[in-house]
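Each chain is listed here by its residues.
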Amino acid sequence: MPAISTTIRQTTLCGALFVFAVNPLSAFAAECAQEKAVYVDMDNAYELRFEPMGSESSVSNRFKLAVRNTAVVAEGVVMRTDDQLRADGRIMFECPEGDVTGADLRACTVWQGMVYASDLKGHIRALPAEGESAADRLFLPALGPSIKKSSLWGKGKATVAPWDVLSLKGCNQ
């Protein structure tokens, strides 16, 4: 009986090591707070980097979306719905400062929609708030097509449309 018990323990240990080797981000996500999480798209053309808010506001998360291999960086915010179950996101590029009109905001908005979080098994939930463990993946529906139709697109700017799913790449310190 002890030989079987040892074999089972070794098999379980090997299985656990295999899962961690194939899926190391899942364990990493639990150690990274959402406000420090860094995500990339499948082609590594975009990097989405969350930042701490640092103050009370209606905005629950803040991030920057960088177009890799360019100097282009767009600003992003996430606001919770009243029921706290949904996260409404917005990405803006080169918005005017000071008093702005609704038309000004629409012109500089690159993407707007719900931001969904996912684990590695595909279970969808709301984007974690600051202080919570980072999501393994983010889903921003229609991000790529929205970028192609925005002021972020063109020569010297974005020329590759990202996928709508971004995966956890790392954690800011």
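We now turn to the structure provided with this report. Here the structure is a predicted model, which is why all the values come from computation and not from measurement.

**Focus on the overall build of the protein**
Looking only at helices and strands, the protein has four helices and 10 strands in total. Walking the protein from its N terminus toward its C terminus, one meets helices and strands in the order α-α-β-β-β-β-β-α-β-β-β-β-α-β. Expressed as a percentage of its 173 residues, the buried residues of the protein come to 35%. For the protein, the proportion of contacts with a sequence separation of at least 24, taken over those separated by at least 6, is 49%. Of the roughly 10100 Å² of accessible surface on the protein, a fraction of 57% belongs to carbon and sulfur atoms.

**Considerations on the environment of Ser60**
Tracing the sequence through the fold places Ser60 in strand E3 (residues 59-67). Aside from chain neighbours lying at most four places away, what touches Ser60 is Met53, Val78, Met79, Arg80 and Glu130. Engagement of the side chain of Ser60 in a polar contact is seen with the side chain of Asn61, the distance being 2.9 Å.

**Re the side chain of Asp41**
When you line up the elements, Asp41 lands in strand E1 (residues 37-41). Buried charge without a salt bridge: Asp41, with Arg68 as the nearest opposite-charge side chain at an N-O distance of 7.3 Å. One polar contact links the side chain of Asp41 to the main-chain amide nitrogen of Tyr46, over a distance of 2.8 Å. In this structure, Asp41 is in contact with Tyr46, Pro162, Trp163, Val165 and Leu166, ignoring residues within four places of it in sequence.

**As for the packing of aromatic side chains**
For any pair of aromatic rings, the description consists of the separation of the ring centres together with the inter-plane angle of the planes. Under the counting rule described, the total for this entry stands at three aromatic pairs. Aromatic pair Tyr39 and Phe50: ring centres 6.0 Å apart, planes at 75°, arrangement edge-to-face. With a gap of 11 residues between them, Tyr39 in strand E1 and Phe50 in strand E2 (residues 46-51) connect regions that are remote in the sequence. One exposure class covers both Tyr39 and Phe50, and it is buried. Summarising the aromatic geometry, the rings of Phe50 and Phe63 are spaced 5.5 Å apart at their centres and angled 55° between planes, so their arrangement reads as tilted. Here Phe50, found in strand E2, pairs with Phe63, found in strand E3; they are 13 residues apart in sequence, far enough to count as distant. Accessibility expressed as a relative area gives 2% for Phe63, which makes it buried.

**A look at the state of the cysteines**
Counted under the stated rule, the structure contains two disulfides. Here Cys32 is linked by a disulfide to Cys171, with a sulfur-sulfur distance of 2.2 Å. Residues Cys32 and Cys171 share a disulfide whose torsion about the S-S bond is about 90°; that sign makes it right-handed. Pair noted here: Cys32 is in the loop between helix H2 (24-31) and E1 and Cys171 is in strand E10 (residues 165-171), with a separation of 139 residues, a long-range link. Each sulfur in the disulfide pair Cys95 and Cys108 lies 1.9 Å from the other.

Definitions and limits used
- Residues numbered from 1 in each chain as written.
- Predicted model: local features only at pLDDT ≥ 70, side-chain atom pairs only at ≥ 80, totals over all residues.
- Heavy atoms only, no water.
- Helix = DSSP H or I, 4+ residues; strand = E, 2+ residues; numbered from the N terminus.
- Buried < 20%, exposed > 50% of the residue type's maximum accessible area, 1.4 Å probe, protein only.
- Contact = heavy atoms within 4.5 Å.
- Areas by Shrake-Rupley, 256 points an atom, 1.4 Å probe, with all protein chains shown as cover.
- Polar contact = N/O pair within 3.5 Å; in protein donor to acceptor, adjacent residues only side chain to side chain.
- Lys, Arg positive; Asp, Glu negative; His and termini not counted.
- Salt bridge = Lys/Arg side-chain N within 4 Å of Asp/Glu carboxyl O.
- Phe/Tyr/Trp six-rings, centres within 6.5 Å; stacked < 30°, edge-to-face > 60°.
- Disulfide = S-S within 2.5 Å.

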